[in-house]
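# Report on the structure
Letter by letter, the chains look like this.
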Amino acid sequence: WKEHNIKWKASLQNRGRWYSGIVSDFPRKKWFNKFDFIDRRHITTIIRMRTGHCMSISHLNKIGIKESPYCECGQIEDLEHIFLQCPINEIPNCNMYEEFGRIGNPLPLNLRTVLTNLNNKSIRLINNFLLYNKIKL
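Residues numbered from 1 in each chain as written. Predicted model: local features only at pLDDT ≥ 70, side-chain atom pairs only at ≥ 80, totals over all residues. Heavy atoms only, no water.

What follows covers the confidence of the model for the chain. Here the chain averages 86 in pLDDT, while 99% of its residues score no lower than 70. Of all secondary-structure elements in the chain, the lowest mean pLDDT belongs to helix α2 (residues 17–22), at 74, while helix α4 (residues 57–62) reaches the highest, 93. (pLDDT = per-residue confidence, 0-100. Helix = DSSP H or I, 4+ residues; strand = E, 2+ residues; numbered from the N terminus.)

Dropping the structure here:
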């Protein structure tokens, strides 16, 4: 296990920097085992977000599927933008920054911190946000 963990950390020097900022050591158990209410669709979405391989426009641009990394509002559409900055994607009377802070995430907040400190409330908030805004990641 130690040898595998050392090799894994060494590989993160070249790639996987987003994920290494979320998960410092290679996990022994699946992170989603402690969340009994999550279905496969929710698990898949969170895994994509945690690894940085989701269908945000900036990622699709990076892999050559989209010509531009910009959101309809004119900013680069990454996960941080989708959840915390975009004026187009929002839930009425709900400030995602404040909600993530209210459920226990340390401030100042970024999405990497939220994905590092996942709990039942943050997963529900993420899923509700995506469903409300009809966003598929």
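Here the narrative resumes, following the displayed structure.
With that settled, the discussion passes to helix α8 (residues 120–132). The end-to-end C-alpha distance of α8 is 18 Å, a good match for the 18 Å that 13 residues give at a rise of 1.5 Å each. Residues of α8 that are buried: Ser-122, Ile-123, Leu-125, Ile-126, Asn-127, Phe-129 and Leu-130. On its buried face, α8 sits against α3 (40–51), α5 (79–85), α6 (96–102) and α7 (111–116). Measuring from the backbone nitrogen of Lys-121 back to the side-chain oxygen at the start of α8 gives 3.0 Å, which picks out Asn-119 as the cap. Downstream of α8 by one or two residues, Lys-134 has phi in the positive range, about 55°. (Expected span 1.5 Å × (residues − 1). Buried < 20%, exposed > 50% of the residue type's maximum accessible area, 1.4 Å probe, protein only. Contact = heavy atoms within 4.5 Å. Polar contact = N/O pair within 3.5 Å; in protein donor to acceptor, adjacent residues only side chain to side chain.)

One number sums up the size of the largest pocket: a volume of about 470 Å³. Taken together, 18 residues make up the lining of the largest pocket; nearest its centre are Trp-18, Thr-51, Gly-52, His-59 and Lys-62. Each residue belonging to the lining of the largest pocket can be placed in one class, and the counts come to five nonpolar, eight polar and five charged. (1 Å grid on protein atoms, 1.4 Å probe; cavity = no way out; pocket = protein on both sides within 12 Å on 5 of 7 lines; lining within 4 Å. Points joined across faces, edges and corners; volume = space filled by probe spheres on them. Nonpolar A, V, L, I, M, F, W, Y, C, P; charged D, E, K, R; others polar.)

Bringing unusual backbone geometry into the picture now. Here the residue pair Leu-107 and Pro-108 is connected by a cis peptide bond, since its omega of 0° sits within 30 degrees of zero. Inspection of the secondary structure puts Pro-108 in the loop between α6 and α7. One non-glycine residue with positive phi stands out, namely Asn-93, at about 60°. Its location among the elements puts Asn-93 in the loop between α5 and α6. Note on Asn-93: relative accessible area 85%, which makes it exposed. A positive phi angle is found at Lys-134, which is not glycine, with a value near 55°. Following the sequence through the fold, Lys-134 ends up in the segment after α8.

Counted according to the given criterion, the structure contains zero disulfides. Cysteine Cys-73 shares no disulfide, and the gap to the nearest cysteine sulfur, in Cys-71, comes to 3.7 Å. Cys-94 forms no disulfide, and the closest cysteine sulfur to it belongs to Cys-86, at a distance of 14 Å. (Disulfide = S-S within 2.5 Å.)

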